[in-house]
Amino acid sequence: MANLVAIVGRPNVGKSTLFNRLTQSRRAIVSDTAGTTRDRQYGKCQWNGREFSIVDTGGWVVKSDDIFEDAIRKQVIVATEEADLVLFLVDTETGITDWDEDVAMILRRTKLPVILVANKVDNSGQYYEAAEFYKLGLGEPVCISAATGGGTGDLLDLLLEKMKDAPDENIEEEIPRFAVVGRPNAGKSSLINAFIGEDRNIVTEIAGTTRDSIYTRYNKFGFDFYLVDTAGIRRKNKVTEDLEFYSVMRSIRSIENSDVCILMIDATRGIEAQDMNIFQLIQKNNKSLVVVVNKWDLVQDKTQIVIKTFENAIRNRMAPFVDFPIIFCSALTKQRIFKVLETAKQVYLNRTMHIGTTKLNEVMLPVIEQRLHHRSRASTSR
Ligand code: GDP
Ligand code: GDP
């Protein structure tokens, strides 16, 4: 199973600087246009032959002042519930603030590994200043300078040591793993309930070791696959389910552990920024995609023209990645829900298809030759 690390801390302590350093991403390639990739907030880090994902919680902070602190506090709680390790970043220039103490209190209670990181230690003199963070009761602060990279190697070593490899669950590799993802209220729980209902014979929960299993085996009506993170989707948490950050953390976990993602879109709302963010998570992880336009029962005008318009609008938003099926369904009336499964299965088969070298050569060589020929002609004519 994939591992997920969350960076938490007040604004301006250097979360995004550290995130960029660990994921080697550059601000220059980050686009701030609404609804485009949030490279700042989710990325992969490789260290000593291991890979894990990192989320910068700062990216999801609600801007409005009055609910600001409350929102960050909720994010810290979500991080402790959904991540495998938390990096708690504090700022040596400003020292301990009330807010740091608040967060430390939440983090002291969690069973999750937490690493206290004192940032902005740009020179050795500042090591002594960082000693004050012992008071937070989270052990020895690891001193780093996110800006220069100082100390980050030791931090990563410690991180890998503390983050036990998530145990591989005892699942059969050749059976496809489907994740149902989408923003809150798209109808994920409804669809999953429509698939599995309460019939215990259809589903088998696999006993996980450290935490609840995220795989549920579905075996009926000629289908055999795992649904990823069903429990998480069905078990709703009132405090946090409205936070976009929460839905993103859950999506990351589901997507990373799946083969095919079933992205649910609410027909009555169309594609919005949140849908695009989830789509980009799918794309970044190279997973296959089936788009499901749900609540189709609420759409009055179901003519071919309306369907085409819908399809085009979706593909335009997701361009240049347009090669995925779109199914119109209703989790409520169960219209076409098995079509969703059939399509996901087909997409999985395409994904795992092997093309022999001979066949590949047969198709590709003429194309390559033609292109080379074309290029050499173009250059001689210049
Ligand atoms: P965030 O709000 O927690 O994501 O913080 P940022 O990463 O945006 O950093 C806030 C400010 O602190 C920026 O001006 C950074 O350049 C600065 N900063 C970040 N890391 C360091 C560091 O290690 N040393 C120093 N001196 N400044 C830093
Ligand atoms: P989730 O947050 O993505 O798990 O969404 P839910 O499954 O909880 O659904 C959110 C709301 O949409 C609930 O009130 C559902 O009853 C409703 N809903 C879900 N699917 C459909 C559908 O196909 N048609 C209609 N009319 N309502 C739906």
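Keep in mind the model is a prediction, meaning the values are calculated, not measured.

Cut-offs and rules
Throughout, residues of each chain are indexed from 1 in the direction in which the sequence is written. Lettering of chains starts at A and numbering of ligands starts at 1, both following the order in which they are written. Local features in a predicted model are, by the rule used here, given only for residues with pLDDT of at least 70; side-chain atom pairs are given and counted only at 80 or more, and totals for whole chains, interfaces and linings are based on all residues. Derived side-chain values reflect all non-hydrogen atoms in the structure, with water molecules and hydrogen atoms excluded from consideration. Strands are treated as partners if at least two bridges between them are detected by DSSP. Here a helix means four or more residues in a row that DSSP labels H or I, a strand means two or more in a row labelled E, and each is numbered from the N terminus. Each patch groups residues whose relative accessible area exceeds 30% and which form no salt bridge, using 9 Å between like charges and 5 Å between nonpolar side chains of Val, Leu, Ile, Met, Phe, Trp and Tyr. Per-residue accessibility takes into account occlusion by the displayed protein chains alone, with areas from the Shrake-Rupley method and a 1.4 Å probe. We define a salt bridge as a side-chain nitrogen of Lys or Arg found within 4 Å of a carboxyl oxygen belonging to Asp or Glu. Two residue types count as positive, namely Lys and Arg, and two as negative, namely Asp and Glu; His and chain ends fall outside the count. By convention, the charge on Lys lies at NZ, on Arg at CZ, on Asp at CG and on Glu at CD. Any residue under 20% of the maximum accessible area for its type is buried, any over 50% is exposed, and the rest in between are partly exposed; the area is computed with a 1.4 Å probe on protein chains only. Contacts: residue pairs with any heavy atoms within 4.5 Å of one another. Consider each residue's heavy atoms; a residue with any of them within 4 Å of a molecule or strand counts as near. Under the rule applied, a polar contact is a pair of N or O atoms within 3.5 Å (in protein, one hydrogen donor and one hydrogen acceptor; residues adjacent in sequence only if both atoms are side-chain atoms). Each residue receives one of three labels: charged for Asp, Glu, Lys and Arg, nonpolar for Ala, Val, Leu, Ile, Met, Phe, Trp, Tyr, Cys and Pro, and polar for the others, Gly being one of them. Only the stretch in contact is used when a helix axis is fitted, and all axes are lines through C-alpha atoms; the angle between N-to-C directions ranges over 0 to 180 degrees. An angle counts as roughly parallel when it lies under 35 degrees, as roughly antiparallel when it exceeds 145, as roughly perpendicular when it falls between 65 and 115, and as oblique in every other case. By definition, any crossing whose near helix is turned counterclockwise from its far helix by less than a right angle is left-handed, and any crossing with a clockwise turn is right-handed.

A few words now on the pairing of strand β9 (residues 215-220). The side chains of a regular strand alternate, residue by residue, between the two faces of the sheet. As defined by bridge partners, β9 adjoins strand β10 (residues 223-228) across 6 bridges and the pair is classed as antiparallel. The residue of β10 that forms the bridge with Y215 is V228. Between the end of β9 and the start of β10, which pair antiparallel, lie 2 residues, with F221 showing a positive phi angle near 50 degrees.

All right, on to the sheet that holds strand β6 (residues 142-143) then. Taking strand neighbours across the sheet as the criterion, the 6 strands line up as β2-β3-β1-β4-β5-β6 in an open arrangement whose pairing is mixed. Of all the strands in the sheet, the pair left with one neighbour each is β2 (42-47) and β6.

On the surface, E93, D122, E129 and E132 cluster together to form a negatively charged patch. In this structure E129 comes out as partly exposed when scored by relative accessible area, which is 43%.

On to helix α1 (residues 15-23), then. A turn of α-helix holds 3.6 residues, and therefore any two residues three or four places apart point the same way. Within α1, 7 of the 9 residues are buried, which leaves it mostly tucked inside the rest of the structure. Burial in α1 covers these residues: K15, S16, L18, F19, N20, L22 and T23. Residues of α1 that are buried make contact with β1 (4-8), β2, β3 (50-56), β4 (85-91) and α5 (152-162). Of the residues flanking the end of α1, it is Q24, one or two places downstream, whose phi is positive at about 60 degrees.

In the vicinity of ligand 1 lie 16 residues, with N12, K15, S16, T17 and D122 positioned nearest. Separating an oxygen atom of ligand 1 from a side-chain N or O atom of K120 is a distance of 3.1 Å. A total of 580 Å² of accessible area belongs to ligand 1 in isolation, and the protein chains cover 70% of it. Class assignment for the residues of the shell around ligand 1 results in 4 nonpolar, 6 polar and 6 charged.

Moving on, we get to the packing of helix α8 (residues 244-256) against helix α9 (residues 273-284). Contact geometry of α8 with α9 gives a least axis separation of 10 Å together with a crossing angle of 25 degrees. If you check the angle between α8 and α9, you find them roughly parallel. Judged by the sense of rotation from one axis to the other, the crossing of α8 with α9 is right-handed. Residues E244, S247, V248, S251, I252 and I255 of α8 touch α9, and the partners they reach there are Q274, N277, I278, L281 and I282.

Taken together, the side chains of M353, I355, L360, V363, M364, L365, V367, I368 and L372 define a hydrophobic patch exposed on the protein surface, amounting to about 800 Å² of accessible area. Inspection of the secondary structure assignment puts V363 in helix α12 (residues 357-380). Overall, the relative accessible area of 46% leaves V363 in the partly exposed class.

Secondary-structure assignment places N12 in the loop between β1 and α1. Judged by its relative accessible area of 67%, N12 falls in the exposed class. Sequence separation between N12 and V90 is 78 residues, and the spatial gap between their C-alpha atoms is 9.4 Å. Excluding its chain neighbours within four sequence positions, the residues that come into contact with N12 are D91 and K120.

Below, the discussion takes up the pattern of salt bridges. Across all of its chains, the model carries 15 salt bridges by this definition. Close ionic contact of R217 with E172 constitutes a salt bridge, the shortest N to O distance being 3.3 Å. In this pair, R217 sits in strand β9 while E172 sits in the loop between α5 and β7 (177-181), placing the two residues 45 residues apart along the sequence. For R217, a relative accessible area of 18% translates into the label buried. Taking the relative accessible area as the measure of exposure, E172 reaches 36% and is therefore partly exposed. Across the pair D224 and R217 runs a salt bridge, and its minimum N-O distance is 2.7 Å.

These figures come from the coordinates and say nothing about function on their own.
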